[in-house]
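Now for the letters of each chain:
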Amino acid sequence: MSKVIGTSVNRHEGRAKVTGTATYGAEHQISELVYGYLIVATIANGRIKKMELKEAQDSDGVLAIFTHENMPAFPKANEGTSFHIGEPRLPLADDRIHYGGQIIGLVVADTLERACHAASLVKVEYEIETPTIDRQQASFQKSPRDASFEQGNVADALVTAPVKISATYTTPRQLHAMMEPHPIIAQWHDRNSLTVCEPTQWLFLQQRTYATLFGIPVEQVRVISPYIGGGFGAKAWPWPHAILCIAAAREINRPLKVVVSRQQMAAIVGHRSPTEQTIELGASQSGQLIAIAHAAKSYTSPVNPKYVENCIGVTPTMYAAPNLCVEQEIAVVNVGMPTFMRAPGENPGMYALESAMDELAWALQIDPIELRLKNATTEHQRKKLPFSSKHFAECLKLGAEQFRWCDRPMQTKAISRDDKLVGWGMAAATFPAIRMGASATVRLLLDGTAQVLTAANDMGTGSYTVVAIAAAETLDLPVYKIKVEIGDSRFPNGGLAGGSMMTASLAPAVVNACQLLLQEVNAKNATEAVIALRESGRPFLEMTASSQPGEEGKQWAFQSWGAHFCEVEVDELLGRVQVKRWISVMDVGRAMNAKAAASQIRGGVIMGIGEALMEECLHDLNLGLPVIKDLATYHIPVNADIPRIEVSFVGKPDLNFNPLGVRGCGEIAITGVSAAIANAVYHATGKRIRNLPITADKLLL
Ligand code: MOS
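Residue numbers run consecutively from 1 along every chain, following the written order of its sequence. Two thresholds apply to this predicted model, a pLDDT of at least 70 for residue-level local features and 80 or more for giving and counting side-chain atom pairs, whereas whole-chain, interface and lining totals are computed over all residues. Neither water nor hydrogens contribute to the side-chain values; these are computed over all heavy atoms in the structure.

A. Expanded view of the overall build of the protein chain. Put simply, DSSP H or I for four residues or longer makes a helix, DSSP E for two residues or longer makes a strand, and each gets a number counted from the N terminus. On a plain count of helices and strands, the protein chain comes out with 17 helices and 27 strands. With C-alpha atoms as the basis for the radius of gyration, the globule rule is written as 2.2 Å multiplied by the number of residues raised to the power 0.38. Relative to its length of 701 residues, the protein chain is compact, with a C-alpha radius of gyration of 26 Å against a globular reference of 27 Å. Scored against the burial criterion, the 701 residues of the protein chain give a buried share of 62%. We call two residues contacting when some pair of their heavy atoms lies within 4.5 Å. Sequence-distant contacts, at least 24 apart, represent 83% of the contacts inside the protein chain between residues at least 6 apart. Whether a residue is buried, partly exposed or exposed follows from its accessible area with a 1.4 Å probe, protein chains only, as a fraction of its type maximum: under 20%, in between, or over 50%, in that order.

B. The arrangement of the nonpolar core in detail. Counting 93 residues, the largest nonpolar core has Val568, Trp582, Ile677 and Ile694 as the members making the most contacts within it. It is helix H9 (residues 346-364) that contributes the most residues to this core, 9 residues altogether. With sequence-adjacent residues up to four places away left out, tryptophan 582 is seen in contact with His564, Phe565, Cys566, Val605, Ile609, Pro643, Arg644, Ile645, Glu646, Val673, Ala676 and Ile677. Side-chain atoms within 4.5 Å link the members of a nonpolar core, which is a set of buried Ala, Val, Leu, Ile, Met, Phe, Trp, Tyr and Cys residues. Within the second largest apolar cluster, 51 residues are counted, among which are Ala22, Met459, Val521 and Ala532.

C. Geometry of the pairing of strand E25 (residues 559-571). Burial analysis of E25 places 13 of its 13 residues in the buried class, which makes it a mostly covered element. Residues of E25 alternate between two faces, with Gln559, Trp561, Ala563, Phe565, Glu567, Glu569 and Asp571 on one and Ser560, Gly562, His564, Cys566, Val568 and Val570 on the opposite face, all of them buried. Any two strands with at least two DSSP-identified bridges between them are counted as paired. Here E25 pairs with strand E26 (residues 576-587) via 11 bridges, running antiparallel. Note on E26: the bridge partner recorded for aspartate 571 is arginine 576.

D. Spatial organisation of the layout of surface pockets. Space inside and on the surface of the protein is sampled on a 1 Å grid over the protein atoms alone, with a cavity defined as a set of points where a 1.4 Å probe fits but cannot get out and a pocket as an open set with protein on both sides within 12 Å along at least 5 of 7 lines; lining residues have an atom within 4 Å of a point. Grid points are joined across faces, edges and corners, and a volume is the space filled by probe spheres set on the points. Taken as a whole, the second largest pocket holds about 430 Å³ of empty space. As for the second largest pocket, its lining consists of 21 residues, of which Arg135, Gln136, Pro172, Glu616 and Leu618 are closest to the centre. At the level of elements, strand E9 (163-171), strand E14 (275-283) and strand E15 (289-300) are the ones that each hand at least two residues to the lining of the second largest pocket. Amino acids are sorted into nonpolar (Ala, Val, Leu, Ile, Met, Phe, Trp, Tyr, Cys and Pro), charged (Asp, Glu, Lys and Arg) and polar (every other residue, Gly among them). Classifying every residue of the lining of the second largest pocket by side-chain character gives 8 nonpolar, 6 polar and 7 charged.

E. A look at the packing of helix H5 (residues 203-214) against helix H6 (residues 240-252). Axis separation between H5 and H6 bottoms out at 12 Å; the angle between their running directions is 50°. As summarised for this structure, H5 and H6 are arranged oblique, according to the angle between their axes. Note on packing geometry: the crossing formed by H5 with H6 is right-handed. Contacts between H5 and H6 pair Tyr210, Leu213 and Phe214 from the former with Ala242, Ile243, Ile246, Ala247 and Arg250 from the latter. The residue makeup of the contact of H5 with H6, split by class, is 7 nonpolar, no polar and 1 charged. Axis angles are defined between N-to-C directions and span 0 to 180 degrees, where every axis is a line fitted to C-alpha atoms and, for a helix, only to the segment in contact. Angular relationships are summarised with four words: roughly parallel below 35 degrees, roughly antiparallel beyond 145, roughly perpendicular across 65 to 115, and oblique for the angles in between. For any pair of crossing helices, the crossing counts as left-handed if the nearer helix is rotated counterclockwise from the farther one by less than a right angle, and right-handed if it is rotated clockwise.

F. Local environment of H6. Each helix should span, by expectation, one fewer than its residue count multiplied by 1.5 Å. Taking 1.5 Å of rise per residue, 13 residues should cover 18 Å, and H6 covers 18 Å from first to last C-alpha, within 8% of that figure. Of all 13 residues in H6, 11 are buried, a share of seventy percent or more. Just beyond H6, the residue with positive phi is asparagine 253, at close to 55°.

G. Structural detail: the side chain of serine 298. Looking at the element boundaries, serine 298 is found in strand E15. Among the residues examined, serine 298 registers a relative accessible area of 0% and is labelled buried. Engagement of the side chain of serine 298 in a polar contact is seen with the backbone nitrogen of glutamate 309, the distance being 3.3 Å. Here the side chain of serine 298 touches glutamine 328 through a polar contact of 3.4 Å, side chain to side chain. With residues near it in sequence (within four places) discarded, serine 298 still touches Phe140, Ser273, Pro274, Val308, Glu309, Gln328, Glu329, Ile330 and Ala331. Counting of polar contacts relies on pairs of N or O atoms within 3.5 Å, with two restrictions inside protein: one atom must be capable of donating a hydrogen and the other of accepting it, and residues adjacent in sequence are counted only when both atoms are side-chain atoms.

H. Representation of the sheet that holds strand E6 (residues 123-128) within the structure. Strands sit in the order E4-E2-E6 across an open sheet of 3 strands; the sheet is antiparallel. One side of each edge strand has no neighbouring strand; the edge strands of this open sheet are strand E4 (96-97) and E6.

I. Structural context of the packing of aromatic side chains. Pairing of aromatic rings covers Phe, Tyr and the six-membered ring of Trp, with a centre-to-centre limit of 6.5 Å; geometry is then stacked below 30 degrees between planes, edge-to-face above 60, and tilted otherwise. Going through the model one piece at a time under the given rule, you end up with 16 aromatic pairs. Taken together, a centroid distance of 4.9 Å and an interplanar angle of 85° make the contact between phenylalanine 387 and tryptophan 561 edge-to-face. Placement of phenylalanine 387 in the loop between strand E18 (385-386) and helix H11 (392-403) and of tryptophan 561 in strand E25 is noted, with a sequence separation of 174 residues between them. A relative accessible area of 7% places phenylalanine 387 in the buried class. On the basis of relative accessibility, which here comes to 0%, the residue tryptophan 561 falls in the buried class. For arginine 443, the ring lying beneath its charged end belongs to phenylalanine 540, and the centroid distance is 5.1 Å. Definition used: whenever NZ (Lys) or CZ (Arg) falls within 6 Å of the ring centre and also within 35 degrees of the ring normal, the charge is taken to sit over that ring. Across from the ring centre of tyrosine 682, 4.3 Å away, lies the NZ or CZ of arginine 688, which sits over that ring.

J. View of the confidence of the model for the protein chain. pLDDT is defined as a per-residue confidence score from the predictor, taking values between 0 and 100. For the protein chain, the average pLDDT comes to 96, and 98% of its residues sit at 70 or higher. In the model, residues 78-82 has pLDDT below 50 throughout and makes 4 contacts with residues more than four positions away in sequence or in other chains.

K. Focus on the pattern of salt bridges. We define a salt bridge as a side-chain nitrogen of Lys or Arg found within 4 Å of a carboxyl oxygen belonging to Asp or Glu. Tallied over the full model, the rule gives 33 salt bridges. One salt bridge in this structure joins aspartate 488 and arginine 222, with 2.5 Å as the shortest N-O distance. Of this pair, aspartate 488 sits in the loop between strand E23 (482-485) and helix H13 (502-520) while arginine 222 sits in strand E12 (residues 221-224), and the two are 266 residues apart along the sequence. With a closest N to O distance of 3.0 Å, aspartate 407 and arginine 404 form a salt bridge.

L. Looking closely at the state of the cysteines. In this description, the term disulfide denotes a pair of cysteine sulfurs within 2.5 Å. For the coordinates displayed, the defined rule picks out 0 disulfides. Counting only cysteine sulfurs, cysteine 395 is the nearest neighbor of cysteine 566, a cysteine outside any disulfide, at a range of 16 Å.

M. Layout of the sheet that holds strand E24 (residues 540-547). Pairing in this open sheet of 4 strands is mixed, and the strands run E23-E22-E21-E24 from one edge to the other. One side of each edge strand has no neighbouring strand; the edge strands of this open sheet are E23 and E24. Taken pair by pair, the neighbouring strands of this sheet meet at an average axis angle of 20°, ignoring direction. Across the sheet, H13 touches strand E21 (438-445), strand E22 (450-453) and E24, and the angle it forms with E24 is around 140°. Running over the sheet, helix H14 (residues 526-536) touches E21 and E24 and is turned about 65° from E21.

N. Broad picture of the pairing of strand E2 (residues 46-52). By the bridge criterion, 2 bridges tie E2 to E4 in an arrangement that is antiparallel. Considered in E4, the bridge of arginine 47 is made with arginine 96. The sheet contact formed by E2 and E6 spans 6 bridges and is antiparallel. Bridge pairing in E6 places arginine 47 opposite glutamate 127.

O. Here's a closer look at empty space enclosed by the protein. All told, the structure shown has 7 cavities of 30 Å³ or more when counted by the stated rule. In this structure, the largest cavity encloses a volume near 130 Å³. Leu175, Ala177, Arg262, Met265 and Ala266 are, among the 15 residues lining the largest cavity, the residues nearest its centre. For the lining of the largest cavity, the per-class residue count stands at 9 nonpolar, 3 polar and 3 charged. In this structure, the second largest cavity occupies an estimated 60 Å³ of space. Taken together, His182, Pro183, Glu198, Pro199, Gln206, Ala234, Lys235, Trp237, Trp239 and His241 form the lining of the second largest cavity. The residue inventory of the lining of the second largest cavity, partitioned by class, reads 5 nonpolar, 3 polar and 2 charged.

Here it is in C-alpha cells:
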C-alpha cells in the first residue's frame, strides 16, 4: 500500500526558493571572479573583414578579448561521439557569419559593466551576403532523420473517400522564454581540472561533453546545477557561449562568469522552429477514417542542417487508418539553431492533427469526441506494437462530463455573453513515454533521517520532491526526514530532465537503492534499519543502485494520453480572445505527487495558451536580425490571461513500463492546447484560424 506516492506533497525546495537561499547558476559566490560579455554579429550572412579592438583593449578593467583570430584551439574538438553540443559549430571557429546574433567575440573585464562597455567599443567590418530569412525563399529537402512512413495507398484512398478535408497549418518561431537566462561560471583549478556552475537538464552529458572538448578526464570535470530557473529543452545541451566561457577562463587562468543577455538569447540558445503542415483526412459518411496524410516542413540553421522539428512522429499513434502516410522536409535559413522545446514536434504536430480532426468532425456533422473515440488506434501503427496502457477514451469521457460538453450546440456563433461570442473546443493530447538508466545513492543516518544523492536536476518540475517521495515510501519514513541532494556531477548519474523522462528513470533507481539498503541489514523499514545501524556501531548505512529499461520496449509501445476542453470568449469588434474555462484529463500512468503533477499540467496548458494566442519571434526579412527578442515584445501569458485550470488524472499505473508505473508529465500537457483553443474560436466565430498565434489581425480579416 502506498502511503506517500500519489498524495499531494509540497515542494521540497519551496522554502529555499521563496526565501532566496536557493542558489541559481549565476549566483554562486566565487572569489577572484571576472566577467565576460559576448559580442554578437549584427549581420545575418557573410564574413568578418576586420575587428578593430584597440579602443576596447585600452578601456578600463579589460583583461582579454577573444575573437576568431585568437580563439584557443580545442584539443579534441572533432574526436569522439560522447558529446552533443547545441550548435555543432564551435564558437569563434572562423570568420563566417551564419546568422544574426551569432557570437563573434568575448570581452573579459574585472566588472560586468566594464566588459559590457568595452564590448560596445569594438568596431566590426563585415562582408555582407544576402541572408535567406523569408521562408518562402527557402528550399526544402527530405528530412535526414527519416521519420516518413506509409501504410496502404493514401493517394488512391483520398480519391475515393466519401468525405475529405485538406488544410495547411503554420506555427511561428517560438522562444523558450524561461525566467532564468543562460549563465555559466567556469573555474579551472589547473589546466586539467574544471568546475562549472551552469543550469543544465543533463549533468552527465554536460560533464562528458566538456571533458571531451577540453581533452581532460571526465572525473576532472565537476558540473554544479542545484537549481534551474526553467529550461523547456533549451538547457539540454551545452551552447557556444558556455564552451567559449570555459575556454577563455583557461586562457586567462581566472574564474569567469558569462550570462547571455535576454536579447542575445533570441539567437544563440535555441528556439522552436516554425512549421508548415498539410493534413488530408478521408473518412466514410459514418466517420470511420480511411486515409490520413500528414506532410510537415520545418526549418534549421546553416550551422546544423540536420535539426528537424519532427511533427509527424505522433500521427501514427493517434488514429487508425488503413491508409496513412507521414513525411517531413526541412530547409535551411540564416537563423540560429532550433532545438528541443517542450514536446518538440509533438506539440506543433498535434496542433495540426487535432485542428484537422475538428474540421473533419464539422464536415461530417458529428461530435468531435465521437470522431476521436471511433478512430483511436490500439496499436502504434509505425512500430506495429500494442500500447502497454491506454486510457484515452476515459480522458475524453471524463473531461466531457466535467465540462458538460453534452450542452454544446453543434453550430458556430451559437452562444454569446456580454456582447462576446462564446465557443467550446476540445483536443487530444499525447506524448511518448521514455526512460533511461539512472542511479542514486541513499544514506541512512543514526538520527533516523535519510539522504538521497543523485546527479539529477530540477528545473522547476519537482524532481527534488519526487526523489524524496520515492525514498520516503520505500523506507517508510515521513517525507520531511528525507534530505535530497541533486545537481552535482559528483553524485551518481541521475539522468536527463528531458523527453518527460526524469521521474520515470530516476524514481525506480531511488526505490532500488532504498530496498537494497533495507536488505543489507535485514530490515523492513528505516526504523528497524536504524536499530541495526546503532548496534553495528557504523555512522551510517549507504547503498547505491540503478534502474534501466529492459526488453519491454520490444513488446509494447509506451505513450501517455490526455484531453483538453476549453471555453473562449471572442470580442468580434476587437478581435480579442480570452480563455475562460479549462479542463484537462490526463492518463500519464501513476502520478507520483498529485500536487506537482497537476502543476506540471497547468504549466503546460499555460504555455500552450501563450502559443495559441500570442507567442511569435519574428525576424527582419532584410537584415535578418530578430526583432522580437525580449520579454516586452515576446508576449507570454500573465495571470489575467489564464482562467482556473482544472486537472484530473486517470491514474492507472503503467507497470509494463517501469516498476512504479509512472510515465512522467513534463511535455504532454502542451500538446493539443492550441488546437483546443483554435477549435473553440471556430465554434465561437465560424472562423478557422490555421496560422498561430490567433491574433486580432487574423480574427478581424
Ligand atoms: Mo524537453 S523539450 O525534452 O527538455
